[in-house]
Structure formats: structure tokens, C-alpha cells
Protein chains: 2
Amino acid sequence: MTNSSSKYGEFALIADLFAPLAKTPGAFGLTDDAATLAVPRGHELVVTADALVADVHFFADDPPETIARKALRVNLSDLAAKGAKPIGYLLALSLPRNVRYDWLRKFARGLAKDQREFGIALLGGDTTATPGPLTIAITALGVVPKGKMLRRKGAKVGDLVFVSGTIGDAGAGLALLKRKARTPKSLIARYRLPTPRLSLGFALRGVARASIDVSDGLMADLGHIAEVSKVRVVVDAARVPVSRGVDLIAAVTAGDDYEIAFTAPKRDAVMRAARKAGVAVTEIGIVERGEGAVLRDAKGREVRLKKKGYAHF
Amino acid sequence: MTNSSSKYGEFALIADLFAPLAKTPGAFGLTDDAATLAVPRGHELVVTADALVADVHFFADDPPETIARKALRVNLSDLAAKGAKPIGYLLALSLPRNVRYDWLRKFARGLAKDQREFGIALLGGDTTATPGPLTIAITALGVVPKGKMLRRKGAKVGDLVFVSGTIGDAGAGLALLKRKARTPKSLIARYRLPTPRLSLGFALRGVARASIDVSDGLMADLGHIAEVSKVRVVVDAARVPVSRGVDLIAAVTAGDDYEIAFTAPKRDAVMRAARKAGVAVTEIGIVERGEGAVLRDAKGREVRLKKKGYAHF
């Protein structure tokens, strides 16, 4: 509908910045309408999509490299929690007219960096102008042996509950950025650049019974497991792994952690998987009869939470 | 980052409106982080992504049903031009806060209608708030027998050039809408609701040598074929199928047609494929040595075009 001439055209932009990211054979260097992808025999495809909007999911003045990498990683985190091996992604980028070429160059460099780190390629996408904020919609594709995807559904009464890494760092980092603080850098880094727990996801195949990535907040996401598994997930407040100085209640409801929360029947098997993956895992609770996800204090009383997680909308 | 309470939450929205669209087994009714998809033996996946932004790619006050269906169909059109059979799609929806539930209900109804028409299912997605315009990013997935995807690359000197349907209707429809005209309704309908030529795409497998869907404008899209095939595509102006009252030059540069433009060595095989598919196909030119896509008049002179197509950005 618009027909503006801008200082760089869509096709030049794709050719210059994004084609080098699409070097896998089936992507045809982004010179075709679509990409092809072979799924290895005995495997099935796992697909997920997440969109990030400037000043909703990240700060417009965050470094372009980390914006790109976060957009990719929140999708890879979904694949990780499903035990899937990522293959590639499609990127639909809606760009405000004032985006500078240099910003896009850094954005593409961030993607390139993570493509190398995670062994994936850009398979296609679309760039378009928008009168609104920068919007990054990514669809990530991975593979998993047939029928082996880790589901949210499947938690059973008596399962133990686990979570990887630490919870609440990203939320604390976001709170710091909101009040223009620059330190502790480690917390801000956790907000800007989450770590998809891919190796843990692989190792949990056949070990975990239910699994989710923590994006909305630990209690909210465990609530999703509880809902589809038709069980009650009970978390011991004292066992939740939080970094020094991070408030527990904020931590379990903040979201943006991109850790894996899961249930499993056998502690030993989980700990072996964690060691194999090189990812710290903490036992934090138990699955009971009932519904919902609840936090319990040392005396066994339920800790009331005003909200269970971050509402995207 | 925002944490607004809106009158409908993200999860309620997904459950109410979008879960019924995800009834295929691997989509898990949108209750999981990801969907699974099996690719039939001997086939490979074909993936494509296109984003539409309100008041860039459609009018914000277009009917919600046709907005939804157009967003889906522009993606299905890419699959059609590649000879792929669509299976499903992922939808990343960025919604302005003033979007009403009733609008979304109609939007979802439009998707449901086209899912039935094209035999596809919603596999996943994301809804998020945006301070900007409604943005619809869709990734469509299809399958094709291994190695049989129709490519833009592959046109050879001596090939004939063809296009399906009529060219320029959608562009004329857009021009009408821009000046608040309401008729002819047929042209406006072609702008609002393109027809992906899926049956033609299937029939052209093994028949066409190069193929593209006409989204940027006939001459621009044939230019893409010319570029990657390293040939010159020559179109006879008099042969381009345009509807009565539609200006030829506007037609071949307007875009939004979602017809298939392709080259093939054998006229008879093309016409058989077109009959089989039940889609009108017109021979419009020839592939020569050289580069670029050019329009020639009845005397063999090149018709100069100020622009070859619609610039999205």
C-alpha cells in the first residue's frame, strides 16, 4: 500500500545482510519464494513461533545484537524445553522507517553469531515497513525422534519438580533497566541474552514426564503443566534457586528466565541428565493430586501470590 | 515489559478463539510450547513466511475476515508457486490495545473458513500487544516430493513464459479503495481476497522449469526469475491477460496478484496441466539470452517502465 522509496530497498537489504545467513542448501540464499527442509527418517518436525515488539518485549535502545539474539533464543528455548534439536528459523521483520542500516548490520551480526553457536540457518522470511515499533516474528524449526517431544502434558502425581539454572535473574535485570541502573551487569545480561537449555532438553528425553520453558514466570508456567496434566504442582519456596539479592516472590513470577521447568519420576536419572548436559538443575517440589501451581513456605503454608506471572497481553 | 491488564488475557484469547483452529493432533490445541509435524516419506518440507502490517499491506478498516484470509493466502500462494501442498501455519499476531474481541472473533472465523477450504490447520503462534498497527506474521508449511519444489531458478533460453488468471485486478482494486470507490466489486475482491493457485502449482511439477508467485508485480517477479536463472524474460504486452478497463502498464507493475508466473519448454504440457487444475493460463512471452525482464510492444520495441513493481520497503 505504501510505495515509499527508502535509502535501501527491500531486496538490497535482503541480499546484503540476510542472504549470508541463509547458506544452508534448502534456503537457496533467500533467492526463492520458499525454503525446503528434509526431516531425517524416524524424526518429526517441531515448530514454534514467538514475536517480540520493541518497548514491549525489549527496550528499543537495547544493543541490536542482543535484540536479535534474544528474539532467536526465546524461540530456541521453546525447542529446548521440548527436547528438540534446532535446525533453522524464519524471520519476519517489520521495520520502522527510521531504522538505520548500521543498526540492521549489527542486528544481522547478532543473528550470525547465534547461528554459529546453535548450528542453525536462516531459512526465509520477510522484511516490511511499519509505522509502528520494530517487530520481530520468528518461527523456529527443529527435529525430534518421532513421538519423543517433551510435552507440557504428562506430569503424574508423585513426580518430582525441577528447574534449571536460577530463576528471577532476568526479571531483576529488567527491573534494573527500568530504573536506568547499569549494574549488576550479570542480571542485565540475563535479561538481554537468555540461554536456551538445549543440551538439557536433549538429555531429558525419556527422563522428564512434563516440560516447559519458563517465559511467563515460574509459577505461571508450572501452572500450565498443572492444567494440561490435571495435577497440582507444589513448589517449596526455600528450594527455588535464586541469585543473591534477588527477591523470591518477584523471581517466581517475573518471567523471561528461559530455564526449563519439568517433572520427572526419578531423581537419579534427572541428575545424570543434568551432569551430561552440563546444566545445573535443582529439585524444587512435588506433583500432587489437585490443580494449579502453588508455592509453599517452610511451614507448609501456601504463599499467596498477587500474580503468577507476566501477562503478555 | 508492559504488564497491562486488558479486558481479555492472552491465554483466554488463545483458548477461546484460536485453539479451535488447532485441531490437528500435532498442534495439541495450542496447549504446548510447540507443535509436531510428520513429513511423509519421500517428501520434504517447504516453508515460507510473510508479514502483513495494517495500512501498509491492507486497510485497517478492511473486513477482519478478509484481512485474516489474505494474510493466510499470500503465504499459501508462495507454496502454490512452489508446487507444494500446504499442511499448516503458525501465526504471530501483534494486536493494538483497541482491537475489540468481536473483531478478533471475525478474524478467527476468516481463518477457520480458509482452513476448511485449503485443508490446513493452525500449528502454533503467539499473540502480543503492540503500540503500533496490527501486524500479522504467518509462516506456512507445506510438503513436496523430494527435489520437486518448483524454483525461481531454472528458466532456459527458448522456454515459453506463462501466467495464470488475470494480472492487475488487485492493483486496480487497491486504486479504487484509495479513492474511496466501492465498485467494481470484482476488482476490490481480488485485492482483498487473492486466490492461491494451489491446484495449478501441483500440476506444474515436472512441467514448469521456473516459477514464482506474482506479489511484487508481474515484471518485477519475472525479473527475479531472470536474475537467478541468468536469462532474459521477454513479455509481449498485447498478450498479458488484463481485465476490461484495467490499464496494462499499471497491471504489470502493480503487484498483489498472487497468480503464478512461470516458464516451461512445452506449450502442450502446460495447457494440459492448466486444464487439469481448472485454472486459466496464458502464454505471454519467451525466454531469451541476456538479463532482466522486459515488456515488448506489437512492433517489438521495449516498453519503458518507470518502475517494475511494488516496493514493499
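You'll find the structure just up there.
Residues numbered from 1 in each chain as written. Chains lettered and ligands numbered in written order. Predicted model: local features only at pLDDT ≥ 70, side-chain atom pairs only at ≥ 80, totals over all residues. Heavy atoms only, no water.

### Examining the interface of chain A and chain B
Chain A puts 73 residues into the contact, and the matching count from chain B is 73 residues. Of the roughly 6300 Å² buried between chain A and chain B, counting both surfaces, carbon and sulfur atoms make up 59%. Linking chain A with chain B are 8 salt bridges, by the criterion used here. Residues A:Arg152 and B:Asp33 are paired through a salt bridge, measuring 3.0 Å at the closest nitrogen-oxygen approach. Between the two partners, chain A and chain B, sit 23 residue pairs in polar contact (both at pLDDT 80 or more). A per-element tally of the side of chain A that touches chain B places strand 2 (residues 43–53) of chain A first, with 9 residues. Grouping the amino acids of the side of chain A that touches chain B by side-chain chemistry returns 37 nonpolar, 19 polar and 17 charged. Two elements, strand 2 of chain A and strand 1 (residues 35–37) of chain B, share 3 bridges in a ladder whose sense is antiparallel. In the strand pairing of strand 1 of chain B, A:Val46 is matched with B:Thr36. (Contact = heavy atoms within 4.5 Å. Buried area = accessible area lost by both parts, 1.4 Å probe. Salt bridge = Lys/Arg side-chain N within 4 Å of Asp/Glu carboxyl O. Polar contact = N/O pair within 3.5 Å; in protein donor to acceptor, adjacent residues only side chain to side chain. Helix = DSSP H or I, 4+ residues; strand = E, 2+ residues; numbered from the N terminus. Nonpolar A, V, L, I, M, F, W, Y, C, P; charged D, E, K, R; others polar. Pairing = 2+ DSSP bridges.)

### What about a positive patch on the surface?
On the surface, A:Arg41, A:Lys146, B:Arg41 and B:Lys146 cluster together into a positively charged patch. Relative to the helices and strands, B:Lys146 is located in the loop between strand 5 (135–145) and strand 6 (160–164). (Patch = residues over 30% accessible without salt bridge, like charges linked within 9 Å, V, L, I, M, F, W, Y side chains within 5 Å. Areas by Shrake-Rupley, 256 points an atom, 1.4 Å probe, with all protein chains shown as cover. Lys, Arg positive; Asp, Glu negative; His and termini not counted. Charge placed at Lys NZ, Arg CZ, Asp CG, Glu CD.)

### So, the sheet that holds strand 4 (residues 121–130) of chain B
Spatially, the 5 strands line up as an open sheet ordered 1(A)-2(B)-5(B)-3(B)-4(B), and their pairing is mixed. Here the strands that pair on one side only, and so sit at the sheet edges, are strand 1 (35–37) of chain A together with strand 4 of chain B. Pairs of neighbouring strands in the sheet enclose a mean axial angle of 20 degrees, with direction left out of account. Pairing between strand 2 (residues 43–53) of chain B and strand 5 of chain B: 11 bridges, direction antiparallel. Bridging from a neighbouring strand, B:Asp50 pairs with B:Ile138 of strand 5 of chain B. Where helix 2 (residues 64–81) of chain B meets the sheet, it contacts strand 2, strand 3 (85–96) and strand 5 of chain B, and its direction lies at approximately 140 degrees from that of strand 2 of chain B. Here helix 3 (residues 101–118) of chain B sits on the sheet in contact with strand 3, strand 4 and strand 5 of chain B, set at roughly 170 degrees to strand 3 of chain B. (Axes fitted to C-alpha atoms, helices over the stretch in contact; angles between N-to-C directions.)

### Quick word on the pairing of strand 10 (residues 281–288) of chain A
Consecutive side chains of a regular strand alternate in pointing toward one face of the sheet and then the other. All names here are of chain A. Note that strand 6 (residues 160–164) and strand 10 share 5 bridges and pair antiparallel. Across the sheet, residue Leu-160 finds its bridge partner in strand 10, namely Ile-286. Note that strand 8 (residues 232–236) and strand 10 share 4 bridges and pair antiparallel. Paired with Val-234 across the two strands is Ile-286, which belongs to strand 10.

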